[in-house]
Amino acid sequence: MKESLIFSLPHDKLLTATLATKLKIEIGAAEIRDFPDGESYVRIDSNVQNKTILLICSLDHPNNKILPLVFMAKTLKELGAHKIHLISPYLAYMRQDKRFHPGEAVNSTLFAQLLSDFVDSIMTIDPHLHRIHNLSEIFTIPCATLHAKKIIATWIRNQVDAPVIIGPDEESRQWVEEVAKDANAPFIVAEKIRHGDRDVRVSIPTFDDLSKTPVLVDDIISTGVSMIESIQELKARGFKNPICIAVHALFDQNVYEHLRNVGAQEIISCNTIPHFSNKIDISDVIAEEIKNVF
Ligand code: R5P
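Residues numbered from 1 in each chain as written. Predicted model: local features only at pLDDT ≥ 70, side-chain atom pairs only at ≥ 80, totals over all residues. Heavy atoms only, no water.

A.B. asks: For this particular structure, what's the right way to read the overall build of the protein chain?
C.D. replies: Helix and strand content of the protein chain: eight helices and 16 strands. The C-alpha extent of the protein chain, read off along each of the three principal axes, is 65 × 45 × 35 Å. Burial status across the protein chain gives 53% buried among its 294 residues. A fraction of 65% describes how many contacts in the protein chain between residues 6 or more apart in sequence connect residues 24 or more apart. Surface exposure of the protein chain reaches about 13,800 Å², of which carbon and sulfur atoms provide 48%. (Helix = DSSP H or I, 4+ residues; strand = E, 2+ residues; numbered from the N terminus. Buried < 20%, exposed > 50% of the residue type's maximum accessible area, 1.4 Å probe, protein only. Contact = heavy atoms within 4.5 Å. Areas by Shrake-Rupley, 256 points an atom, 1.4 Å probe, with all protein chains shown as cover.)

This is the structure:
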């Protein structure tokens, strides 16, 4: 790879520092802040001429981040950067992947087009792929999709006695099956019907061995209703209090406390989005892919 620098938006400094150390890449100097009126200020202080740039920006709460990200990427290019590779551990807007009702925007496609216009490639962890099977269906730049399944399975193997892995809905089967295989545990997949943003019903299939520790695994915890309903359903069926694991800790306000109150014995996430529940570190997954690709 050409001479490189790694930059990030302010909220991703911790992961960026870890990656910089693991990859032995210098962190670029930049100032990104808000003007008093809320508009974004971006200044690049490093010489980026002819350099390959790794730009780290997890895209939770994307509306606040997208403009500073665009300004940063475009300024880096104007200042002579060779290529800009966006590393977004969490990729937003992937769940609205079709026009569910007449007139709705198909956010996943629009967002992918927007990102494709100002960076040269994108790397992400477990994007919510449902009706879209591959990011290259919506992006026009090279895409790398990485997975947290193996490190989640390792965490479960090391931390949980006699687990049974539970996916809250059919979409979760893709990761639950593999996590269970790698964790050497049985798995079940529940059926979920969503009636609205905060209204879901979950039904868990029969499972005989109630001595096992239920481990709910999902890609995202946002409003928390999928996990909350699953916990309540598990408890009604006589299971022990479950451990909840999510790749992406979007966590609306009070969701963590709410999950604890309904009976989650532990709530664990990967550090794709900074949150105090982060216990599973994805930096090696990203660093290995960067070493392979570049
Ligand atoms: C949906 O299909 C996803 O895999 C998650 O189950 C969902 O996004 C979780 O969202 P919430 O926490 O709002 O139920």
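A.B. asks: Got a minute to help me understand the sheet that holds strand β5 (residues 52-56) in this structure?
C.D. replies: Sheet strands pair via backbone hydrogen bonds, and the direction of the pair is either parallel or antiparallel. An order of β2-β1-β5-β6-β7-β8 is seen for the six strands of this open sheet, with the pairing classed as parallel. A strand with exactly one partner marks an edge of an open sheet, and here the two such strands are β2 (26-27) and β8 (143-146). Judged from the five bridges that link them, β5 and strand β6 (residues 83-88) form a sheet pairing that is parallel. Residue pairing across strands places L55 opposite L86, the latter belonging to β6. The strands touched by helix α1 (residues 13-23) are β1 (4-8), β2 and β5; relative to β1, the strand with the most contacts, the crossing angle is about 165 degrees. With respect to the sheet, helix α2 (residues 62-78) is in contact with β1, β5 and β6, its orientation differing from that of β5 by roughly 175 degrees. (Pairing = 2+ DSSP bridges. Axes fitted to C-alpha atoms, helices over the stretch in contact; angles between N-to-C directions.)

A.B. asks: Is there a simple way to think about the sheet that holds strand β15 (residues 266-270) in this case?
C.D. replies: Read from one edge to the other, the open sheet built from six strands follows the order β10-β9-β13-β14-β15-β16, with strand pairing classed as parallel. Across the chains shown, the open sheet's two edge strands, defined by having one partner strand only, are β10 (187-189) and β16 (278-280). Pairwise comparison of adjacent strand axes, ignoring direction, gives a mean angle of 35 degrees for this sheet. Summarising the sheet, strand β9 (residues 163-167) and strand β13 (residues 213-221) pair through four bridges and their orientation is parallel. Across the sheet, P163 pairs through a bridge with T213, a residue of β13. Contacts between helix α5 (residues 173-183) and the sheet are confined to β9, β10 and β13, with β10 contributing the most and set at about 170 degrees to the helix.

A.B. asks: Whenever I open this one, the environment of F187 confuses me. Can you help?
C.D. replies: With respect to the helices and strands, F187 occurs in strand β10. Spatially, the C-alpha atoms of F187 and D218 are 13 Å apart, while their sequence positions differ by 31 residues. Contact partners of F187, with chain neighbours within four places excluded, come to V164, I165, R173, V176, E177 and A180.

A.B. asks: Looking at this structure, I do not really get the pattern of salt bridges. What am I missing?
C.D. replies: Counted under the stated rule, the structure contains 19 salt bridges. Residue E178 is joined to K149 by a salt bridge in which the shortest nitrogen-to-oxygen separation is 3.4 Å. With E178 in helix α5 and K149 in helix α4 (residues 149-159), the pair connects residues that are 29 residues apart, well separated along the chain. Members of the salt-bridge network, linked through shared partners, are E31, R33, R43 and D45. (Salt bridge = Lys/Arg side-chain N within 4 Å of Asp/Glu carboxyl O.)

A.B. asks: Whenever I open this one, the site of the ligand confuses me. Can you help?
C.D. replies: Lining the immediate environment of the ligand, one finds 15 residues, of which D218, D219, T223, G224 and S226 sit closest. G224 is positioned such that a nitrogen or oxygen atom in its backbone is 2.8 Å from an oxygen atom of the ligand. Considered on its own, the ligand offers 370 Å² of accessible surface; in the complex 95% of this is hidden by protein. Listed by contribution, the elements that provide at least two residues to the shell around the ligand are β11 (191-196), β13 and α6 (225-236). The greatest single-element share of the shell around the ligand, amounting to four residues, is contributed by β13. Looking at the shell around the ligand residue by residue, the classes come out as three nonpolar, five polar and seven charged. (Near = heavy atom within 4 Å. Polar contact = N/O pair within 3.5 Å; in protein donor to acceptor, adjacent residues only side chain to side chain. Nonpolar A, V, L, I, M, F, W, Y, C, P; charged D, E, K, R; others polar.)

A.B. asks: I tried to follow the packing of α2 against helix α3 (residues 107-116) on my own but got confused; where do I start?
C.D. replies: Describing two packed helices takes the angle between their axes plus the distance from one axis to the other. At a minimum axis distance of 12 Å, the contact between α2 and α3 shows a crossing angle of 20 degrees. The angle between α2 and α3 falls in the class roughly parallel. Read as a crossing pair, α2 and α3 show a hand that is left-handed. Where α2 approaches α3, its residues P62, I66 and L69 are matched on the opposing element by F111, L114 and L115. Tallied by class, the residues present in the contact of α2 with α3 amount to six nonpolar, no polar and no charged. (Parallel < 35°, antiparallel > 145°, perpendicular 65-115°, else oblique. Left-handed = near helix turned anticlockwise from the far one by under 90°.)

It is worth stressing that arrangement in space is one thing and function is another; only the former is reported here.
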